[in-house]
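Architecture and fold: a report
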Amino acid sequence: MAYPRKGSLRVVQVASDSLQGQLDDLLKKVKHPEKREELFANCLQIKKNVDGTLDTLRKLKKGNEIIHVQNYEQRKHAEERRLTGMSELLQELARRLHKELLNKQIEAADKNMKSKAAAAAKQREKNDEDDEDADEEEEEGSDEHEESDGELFITISDFRAQEEHDLSVKKGEVITIVNQNPDGWWLAKNAEGKEGLVPKTYLQVYSQQIQEASNINKDEEEDESEESEEEDEEEEEEDEDEEEDEDEEEPKTKSNKLKLQEMQSEESRAHRLSAKKVVSEITAVDMLVEKAAIPEGFRASTLAQLLAEGNKFHMSYFLQPTLTQSNLCFKDLHLDKVNGGVRPRKTHTELMFTLWSCKMIPFPVTGVQVLSRQVRCCLFDGQRVLSNIHTVRATWQSKNPKTWTFSPRVTGILPSLLDGECFVRSNSQSPEIGILFEVGITYVYHSTGHRGDLSCGWVFLPLFTAGGVPVPHRTYEVVLNGGTPYEKGLEVDPILTRRANFLDQILVFRKQPKLLVKLKPPTGYLRNILELLPETLVGPKCYAHLLAYYRQLLAEALLKDRINMDSADLICNPVLATFSELLEQTDIVDALRSAWSERELTVKRSEKRDEEFMRKLFVRVYHDSVYPLLRSTTLPTIKQADDEAEVSRWKDIANFLNQTAEKNGSLYSLLSPEHAYRVFDISEISYDFLGLTRKAASVD
């Protein structure tokens, strides 16, 4: 893909957006097995265009820009990170499609050879009835019929000759097949004219597309070394540019730039790992379906894959303030000049939903161990995920594993992960918006040890009718769909329908997997709390008040306490600096919820009406309870769907909270030799709002 020699960064960004759209369309079509050859060709072509665009991007220089571009190097690194992730995802996808095409061609070759052998045997039997001479002629004729016209094949793996008549070949070598013997050992001739027998399972029909795919694997190490050299050259050039601008830049700006580059490199590595995980997960699920270990409608969890791709769909991301298009002020964070804190803000959609139960969810067969059951939910318009993705853990009884239940109200020490009562906020005016529920399991397959997340079905609950009127607030019992949210008309378990006759249709409907969910409006105190939260957010009711306090502190720090509104300096505030990290560990959130509930009981009614006093009290509770826990090295590492790890963590957390309560603060625990903490880092107390705020374009 060619661009002007002095092409701007904007041209590359537009091309990247177009390629991203092509990649998204390609991923939607991956589930169609009849289009594998077409998808393989498209995958190679898109990868070629992506690599070309990446090469063009790396050649761009800041001095070649016609107009001044702010944060040029950061934007260039961001585009390079995006294109690199796309290239690696396409590479993994090409490998998978290449393998599927190989298996398909081998099966076709086996079928063809069997039909030829059967036809030849039948012909020989017929000729035996005439005379022996005719039989011999027919045998010679059949041998000649099996000889090919010298069709070209490419080897997919190295093969070393084991006997005298074998032919040694190397991976990627193009050879000519002289004779396709029915026993699977084909007579081949290499480029040097040597002939010998090669097993057909090592061969694939040669074509230009397959040659390109094999070159992907062959040149992978060379590409990595070249990329590392190019990165070194770019770093040297960037160092030179930085030296030229050294007199103009402040030391704090330089440190921020270095920190941003480190975050981008870590995000790039995380994106590469998630891209490989997506493809491997799809392949593992296909294997389970083929072995009939899971129903045909099960898929790799779409929402779990999105959660693994950085923090774009995490609650911590959507809690951050959004900048306007001009980047000069905040779009959804305004100061309440009367009471202080954040100004309440109403939205187009604000409601509650309660998960009651899931019924008739198919259970995997022996060999697949279910580690946890959960429902993931988010705002969806049929094409895009418009909010953070929230997960609710389900409970079940061993006597009836097909029925899942949820806690309608979480109080006391119950984990917030079980809270089936959730809130939804959205300011989107789209009539197609609704809530996407994905019912899923976390599993491990004992034969391979593979661990992943499966979707057991999904349902889209629209929030508006075709006329734009909000749907009634009532309880809905909806049948789950199979496949992914981008596949329509699939069943979770098609076997139920296939086995049923006309009279059994009513019984079949009762056996279909369903989700029971109730919609209702927020009332009273809860509605006031929700109006302090961002425009777009999905979360549990049980700690909505904690999120509101965080937003209050954000407004105070960003809009009231900053002396200069044009300053982008780091803000010294441990609560703001670590709250995003807190939300990634729900058991520590529960510790804060528990500590705050106990402290509220000691507050006088007059003090509760003083909002500034309550915000300061919240900060003290945060420092005395969860802030040290976030830096603890003795706390076991969090592991998803691991009961032993979860119980062990909660015991340690409970012991810490008890010690804190007995000693009237966390100072004792911080100084006690019984507890160990990570080495101090400035990020523990520094809130970098410039690096965390969201742009207006990223909002729905």
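Whatever comes next refers back to the structure up there.
None of the values given here were measured: they were computed from a predicted structure. (Residues numbered from 1 in each chain as written. Predicted model: local features only at pLDDT ≥ 70, side-chain atom pairs only at ≥ 80, totals over all residues. Heavy atoms only, no water.)

Another aspect to go through is the overall build of the protein. A tally of helices and strands in the protein yields 20 helices and 19 strands. Every one of the 700 residues in the protein was classed for burial, and the buried ones make up 46%. The long-range share in the protein, meaning contacts at least 24 apart out of those at least 6 apart in sequence, stands at 71%. Roughly 37500 Å² of accessible area belongs to the protein as shown, and the carbon and sulfur atoms make up 50% of that amount. (Helix = DSSP H or I, 4+ residues; strand = E, 2+ residues; numbered from the N terminus. Buried < 20%, exposed > 50% of the residue type's maximum accessible area, 1.4 Å probe, protein only. Contact = heavy atoms within 4.5 Å. Areas by Shrake-Rupley, 256 points an atom, 1.4 Å probe, with all protein chains shown as cover.)

Time to look at the pattern of salt bridges. In the structure shown here, the tally under the stated rule is 25 salt bridges. D17 is the partner of R82 in a salt bridge, and the nearest nitrogen-oxygen pair spans 2.9 Å. Highlighted residues: R82 in helix α3 (residues 72–128) and D17 in helix α1 (residues 9–29), separated in sequence by 65 residues. On the basis of relative accessibility, which here comes to 24%, the residue R82 falls in the partly exposed class. We note a salt bridge from R299 to E487, for which the minimum N-O separation is 3.3 Å. (Salt bridge = Lys/Arg side-chain N within 4 Å of Asp/Glu carboxyl O.)

Let us now look at the nonpolar core. Among the nonpolar cores identified, the biggest contains 58 residues, and L547, F579, L582, L592 and Y622 are the most heavily contacted of them. With 11 residues, the top contributor of residues to this core is helix α13 (residues 544–560). Discounting chain neighbours no more than four positions away, the residues touching L547 are M315, L319, F423, L533, L537, F579 and L583. Ranked by size, the runner-up nonpolar core spans 45 residues in total, among them C358, I361, L386 and L454. (Core = buried A, V, L, I, M, F, W, Y, C linked by side-chain atoms within 4.5 Å.)

Looking now at the pairing of strand β3 (residues 185–189). Only one face of β3 is buried, namely the one carrying W186 and A188, since none of W185, L187 and K189 on the opposite face is buried. Sheet analysis places strand β2 (residues 174–179) next to β3, joined by three bridges and oriented antiparallel. Looking at β3, one finds that N179 is bridged to L187. Relative to strand β4 (residues 195–199), β3 is paired through five bridges, and the arrangement is antiparallel. Note that in β4 the partner of L187 across the bridge is L197. Count of turn residues in the β3/β4 antiparallel hairpin: five residues, of which G193 carries a positive phi of about 90°. (Pairing = 2+ DSSP bridges.)

Bringing the pairing of strand β11 (residues 400–405) into the picture now. Judged from the two bridges that link them, strand β7 (residues 349–359) and β11 form a sheet pairing that is antiparallel. Residue C358 lies in a different strand from β11, and its bridge partner there is W404. Sheet topology places strand β10 (residues 395–397) next to β11; three bridges connect them, and they run antiparallel. Bridging from a neighbouring strand, W396 pairs with W404 of β11.

What follows covers a nonpolar patch on the surface. Side chains of L667, L670 and L671 sit close together on the surface and give an oily, nonpolar patch of about 320 Å² of accessible area. Its place among the elements puts L671 in helix α19 (residues 667–671). (Patch = residues over 30% accessible without salt bridge, like charges linked within 9 Å, V, L, I, M, F, W, Y side chains within 5 Å.)

Interaxial distance between helix α15 (residues 586–600) and helix α18 (residues 643–662) falls to 10 Å at its minimum, and their mutual angle equals 25°. Of the possible angle classes, the one that applies to α15 and α18 is roughly parallel. In the packing of α15 onto α18, the handedness of the crossing is right-handed. Counting all contacts with α15, which are made through D587, I588, D590 and A591, the residues of α18 involved are R649, W650, I653 and L657. (Axes fitted to C-alpha atoms, helices over the stretch in contact; angles between N-to-C directions. Parallel < 35°, antiparallel > 145°, perpendicular 65-115°, else oblique. Left-handed = near helix turned anticlockwise from the far one by under 90°.)

Let us look at the packing of aromatic side chains. Evaluation of the coordinates by the stated rule reveals 13 aromatic pairs. Measuring from ring centre to ring centre gives 6.0 Å for F380 and Y486, while their planes differ by 65°; the resulting arrangement is edge-to-face. Taken together, the residues F380 in strand β8 (residues 368–380) and Y486 in the loop between β15 (475–479) and α10 (495–499) connect sequence positions 106 residues apart. Residue classification places F380 among the buried residues on the basis of a relative accessible area of 2%. Look at Y486 and you get partly exposed, because its relative accessible area is 32%. Each residue in the set Y549, Y550, F579, W596, F618 and Y622 is aromatic and connected to the rest through ring pairs, giving one cluster. Taking the ring centre of W396 as reference, the NZ or CZ of R373 above it sits at 3.8 Å. (Phe/Tyr/Trp six-rings, centres within 6.5 Å; stacked < 30°, edge-to-face > 60°. Lys NZ or Arg CZ within 6 Å of the ring centre and 35° of its normal.)

In this model, helix α17 (residues 611–630) (20 residues) spans 27 Å end to end at C-alpha, consistent with the 28 Å of a helix rising 1.5 Å per residue. Most pronounced at H623, the bend in α17 amounts to some 45°. The set of residues buried in α17 consists of M614, R615, L617, F618, V621, Y622, S625, V626, Y627, P628, L629 and L630. Buried residues along α17 sit in contact with α13, α14 (574–583), α15, α16 (605–608), α18 and α19. By the N-cap criterion, in which a side-chain oxygen at the helix start approaches the backbone nitrogen of a residue two or three places on, α17 is capped by D610, the distance to E612 being 3.3 Å. (Expected span 1.5 Å × (residues − 1). Bend = angle between axes of the 7 residues up to and from the residue. Polar contact = N/O pair within 3.5 Å; in protein donor to acceptor, adjacent residues only side chain to side chain.)

Here we take up the side chain of T484. In this fold, T484 is placed in the loop between β15 and α10. By relative accessible area, which is 13% here, T484 ends up buried. Ignoring anything within four residues of it in the chain, the contact list for T484 reads R299, T302 and W458.

This brings us to the sheet that holds strand β6 (residues 299–300). Pairing is antiparallel in the open sheet, where five strands are placed in the order β6-β14-β13-β8-β9. Edge strands, defined here as strands with exactly one partner in the open sheet, are β6 and β9 (390–393). In terms of strand pairing, β6 meets strand β14 (residues 450–462) through two bridges, oriented antiparallel. Each bridged residue has a counterpart across the sheet, and for A300 the counterpart in β14 is L454.

All right, on to the environment of H623 then. Here H623 is to be found in helix α17. Given the relative accessible area of 29%, H623 is considered partly exposed. Linking H623 and G665, residues 42 residues apart in sequence, is a C-alpha distance of 8.4 Å.

Along the polypeptide, F437 turns up in strand β13 (residues 434–445). Along the primary structure F437 and I389 are separated by 48 residues, whereas in three dimensions their C-alpha atoms are 9.8 Å apart.

Moving on: unusual backbone geometry. Although it is not a glycine, M360 adopts a positive phi angle of roughly 55°. One can find M360 in the loop between β7 and β8. Residue classification places M360 among the partly exposed residues on the basis of a relative accessible area of 31%.

Time to look at the state of the cysteines. This model, assessed by the stated rule, comprises zero disulfides. C456 supplies the cysteine sulfur nearest to C358, a cysteine that is in no disulfide, at a spacing of 9.1 Å. On the basis of relative accessible area, C358 is assigned to the buried category, the value being 0%. (Disulfide = S-S within 2.5 Å.)

These figures capture arrangement, not role.
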